[in-house]
Amino acid sequence: MKTKMTFRKTPLAIALLATLSFPAWGEDDHGHDHDAAPAKSESHAQENHDDHDAHDNHDDNAPTHDHQDEHGEQEESGVTLTPEQQAMLNLQVVTLQPQQNATQTLTVPAEITSNQYRTWVVPVRIDSQVQSRSASLGQHMKKGEPIATLFSPAMAELQSELQVAADAWRRVNNLGRRTVGNQRYLDAQSQYQSLRARAKGYGLDDAAIRAIESGKSEKGVYTLTAPDEGLVLEDAFQQGQWLTAGSELVTLVDESELWAEAALPPSPGLNIPTGTGARLLIGDATVEGEVIQSGHRLNPVTRTLSVRVAVPNAGHLLHPGMFADVALSLSAPENALTVPEEALTRGPDGDWQLFVEEAPGQYQPVEIELTGQLGEQRIVSGIEPGTRVVTRGAFFLASEMAKSGFDIHNH
């Protein structure tokens with residue numbers, strides 16, 4: 001009696017049937033017909049192949065780039081463009097050539113300060129009371145113009161002594177040395193010159209001293225005047241106020257030339273010689289100046305190197321306390337390589353990069369370093385002279401690398 005074996009439609013049964021239908025069993029004596037299975041497999045493979053081709057050909061105009069290496073890992077690759085795509089992007093490529101005898105621009109922040117060589121502090125030399133003031137904050141004063149009128153008992157004493165000494169000296173000097181004797185002559189001269197020097201030390205000018213000698217001055221009252229032309233930058237006194245000797249009355253600044261105190265980051269080998277050209281940039285204004293002093297010690301707080309730039313201030317465009325940028329013109333490194341700003345892009349890790357043309361239509365990103373500025377160009381390192389790099393269109397190549405799906409037709 002023959003036994004009939006039946007396979008249930010279980011996963012194990014399906015797997016067993018699939019194994020028996022393998023071509024290696026095609027000549028088995030069981031007599032089963034397996035021709036339909038390979039035909040179905042081939043049909044399925046053809047369908048998958050057609051689907052894959054359809055996926056690959058979804059956009060023939062899109063830039064191509066590789067995403068995986070032979071181990072299936074993600075890797076950064078270049079971008080390939082057709083001539084039509086290059087024309088649509090208006091892509092431009094230049095060959096890097098070393099610059100000879102060029103200068104670079106180093107731009108650093110700065111603060112406008114007073115020219116200390118053209119700044120005067122006008123103090124009260126003796127204890128005095130302010131009777132009236134003639135100068136105000138921000139006023140432009142000329143040499144000899146009155147600042148304030150003051151009263152001092154010490155000034156009254158000096159005025160009396162100086163008037164007497166001046167009269168005695170005039171008599172002795174008119175009579176002559178032989179008539180009055182050498183000792184009397186020298187004593188009168190010494191007394192007069194000593195009191196006159198003290199009057200100058202109190203801040204009196206020649207006109208005020210002559211008024212005292214001729215008896216035309218009011219006792220104890222005197223006027224302090226501007227020692228030179230300048231702007232009243234500070235005035236911390238009031239009428240009726242008593243001021244002790246040494247108190248500052250006003251600060252005058254000649255604003256025809258100011259200083260820009262620039263702060264440079266510490267850099268080994270950085271040398272800013274005196275006379276180096278500098279351009280002050282403040283808002284839309286540009287003023288030419290030059291370096292007059294370069295520091296050799298870092299600021300202990302800011303850890304920066306101070307460079308002082310003399311800046312002419314025609315028309316009083318600038319004022320102490322303003323902030324600006326100073327562009328210093330320095331000698332560029334020998335055979336420096338430069339690129340325009342538009343050629344620079346950022347890589348995935350944030351480093352600067354250039355797109356190098358390895359072959360027509362094939363562009364590969366290369367990391368570089370920025371080492372300075374040469375006019376409107378940036379000095380780069382980490383790349384060889386003669387390399388062809390993309391200038392215009394570099395941004396679009398970077399976008400393609402970042403998005404991995406950039407469509408040049410904006411679909």
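Bear in mind the structure is a predicted one, so any value in this text is a computation, not a measurement.

How each quantity is defined
- Residues numbered from 1 in each chain as written.
- Predicted model: local features only at pLDDT ≥ 70, side-chain atom pairs only at ≥ 80, totals over all residues.
- Heavy atoms only, no water.
- Salt bridge = Lys/Arg side-chain N within 4 Å of Asp/Glu carboxyl O.
- Helix = DSSP H or I, 4+ residues; strand = E, 2+ residues; numbered from the N terminus.
- Buried < 20%, exposed > 50% of the residue type's maximum accessible area, 1.4 Å probe, protein only.
- Axes fitted to C-alpha atoms, helices over the stretch in contact; angles between N-to-C directions.
- Parallel < 35°, antiparallel > 145°, perpendicular 65-115°, else oblique.
- Contact = heavy atoms within 4.5 Å.
- Nonpolar A, V, L, I, M, F, W, Y, C, P; charged D, E, K, R; others polar.
- Patch = residues over 30% accessible without salt bridge, like charges linked within 9 Å, V, L, I, M, F, W, Y side chains within 5 Å.
- Areas by Shrake-Rupley, 256 points an atom, 1.4 Å probe, with all protein chains shown as cover.
- Lys, Arg positive; Asp, Glu negative; His and termini not counted.
- Charge placed at Lys NZ, Arg CZ, Asp CG, Glu CD.
- Phe/Tyr/Trp six-rings, centres within 6.5 Å; stacked < 30°, edge-to-face > 60°.
- Lys NZ or Arg CZ within 6 Å of the ring centre and 35° of its normal.
- Pairing = 2+ DSSP bridges.
- Arc of directions from axis to C-beta.
- Core = buried A, V, L, I, M, F, W, Y, C linked by side-chain atoms within 4.5 Å.
- pLDDT = per-residue confidence, 0-100.

1. Some words on the pattern of salt bridges
Inference 1: Under the criterion given, the structure shown has 11 salt bridges.
Inference 2: Residue E161 is joined to R198 by a salt bridge in which the shortest nitrogen-to-oxygen separation is 3.6 Å. Of this pair, E161 sits in helix α4 (residues 153-175) while R198 sits in helix α6 (residues 182-201), and the two are 37 residues apart along the sequence.
Inference 3: Relative accessible area serves as the criterion here: at 34%, R198 is assigned to the partly exposed category.
Inference 4: Bridged by salt links that share partners, the residues R196, K200, D206 and E213 form one connected network.

2. As for the packing of α4 against helix α7 (residues 206-213)
Inference 1: Between α4 and α7, whose axes approach to 8 Å, the crossing angle comes to 75 degrees. The orientation of α4 with respect to α7, classified from their angle, is roughly perpendicular. Residues Q159, L162, Q163, A166, D167 and R170 of α4 pack against I209, I212 and E213 of α7.
Inference 2: A breakdown of the residues in the contact of α4 with α7 according to their chemical character gives four nonpolar, two polar and three charged.

3. So, a negative patch on the surface
Inference 1: Judged by side-chain charge, D349, D351, E367 and E369 come together as a negatively charged surface patch.
Inference 2: On the basis of relative accessibility, which here comes to 48%, the residue D349 falls in the partly exposed class.

4. What about the packing of aromatic side chains?
Inference 1: By the definition in use, this model includes three aromatic pairs.
Inference 2: Ring geometry for Y117 and W259: centres 5.0 Å apart, planes at 85 degrees, overall edge-to-face. Taken together, the residues span a long stretch of sequence, with Y117 in the loop between β3 (103-113) and β4 (119-123) and W259 in strand β12 (residues 257-264) at a distance of 142 residues.
Inference 3: Looking at R133, its charged tip hangs above the ring of F237, at a distance of 4.1 Å from the centre.
Inference 4: One Lys or Arg, R346, reaches over the ring of W352 and ends 3.8 Å from the middle of that ring.

5. A short note on the pairing of strand β5 (residues 128-133)
Side chains on a regular strand alternate between the two faces of the sheet.
Inference 1: Bridge analysis of β5 against strand β10 (residues 242-243) gives two bridges, and the strand direction is antiparallel. From the neighbouring strand, Q129 faces β10, where its bridge partner is W242.
Inference 2: Pairing geometry for β5 and strand β7 (residues 146-151), over four bridges, is antiparallel. Bridging across to β7, R133 finds its partner in A148.

6. Looking at α7
Inference 1: Of the residues making up α7, those classed as buried are I209, I212 and E213. Along the long axis of α7, the arc covered by the buried residues comes to 100 degrees, so they all point the same way.
Inference 2: Among the structural elements, α4 and α6 are those in contact with the buried residues of α7.
Inference 3: Following α7 by one or two positions, G215 has its phi on the positive side, about 75 degrees.

7. Let's talk about the sheet that holds strand β9 (residues 230-235)
Inference 1: Overall, antiparallel pairing links the four strands, which are arranged β4-β11-β9-β6 in an open sheet. Strands with a single pairing partner mark the edges of an open sheet, and in this sheet they are β4 and β6 (140-141).
Inference 2: Note: β4 against strand β11 (residues 248-253), five bridges, orientation antiparallel. Within β11, the residue paired with V121 across the bridge is T251.

8. Re the sheet that holds β5
The strands that make up a sheet are held in pairs by hydrogen bonds between backbone atoms, and each pair lies either parallel or antiparallel.
Inference 1: With respect to topology, four strands assemble into an open sheet ordered β8-β7-β5-β10, the strand pairing being antiparallel. Here the strands that pair on one side only, and so sit at the sheet edges, are β8 (221-225) and β10.
Inference 2: Relative to β8, β7 runs antiparallel, the two sharing five bridges. Bridge pairing in β8 links L150 to Y222.

9. A short note on the environment of T274
Inference 1: Looking at the secondary structure, you find T274 in the loop between β12 and β13 (277-282).
Inference 2: Sequence spacing of T274 and V291 is 17 residues, and the spatial spacing of their C-alpha atoms is 5.3 Å.

10. With respect to the nonpolar core
Nonpolar side chains in soluble globular proteins generally cluster together in the buried interior.
Inference 1: Of all hydrophobic cores here, the largest spans 36 residues; its most connected members are I147, Y222, L249 and L252.
Inference 2: Contributions of two or more residues to this core are made by β4, β7, α4, α6, α7, β8 and β11.
Inference 3: Among the elements that make up this core, the one with the highest residue count is α4 (seven residues).
Inference 4: Counting 22 residues, the second largest nonpolar core, distinct from the first, contains A110, I272, V287 and V326.

11. Describing the confidence of the model for the protein
Inference 1: Averaged over the protein, the pLDDT score is 80; the fraction of residues at 70 or greater is 77%.
Inference 2: Long-range and interchain partners of residues 1-59, a stretch whose pLDDT sits below 50, account for nine contacts in this model, where long-range means more than four residues apart.
Inference 3: Taken together, the stretch residues 66-76 has pLDDT below 50 and engages in 15 contacts with residues farther than four places along the chain or on a different chain.

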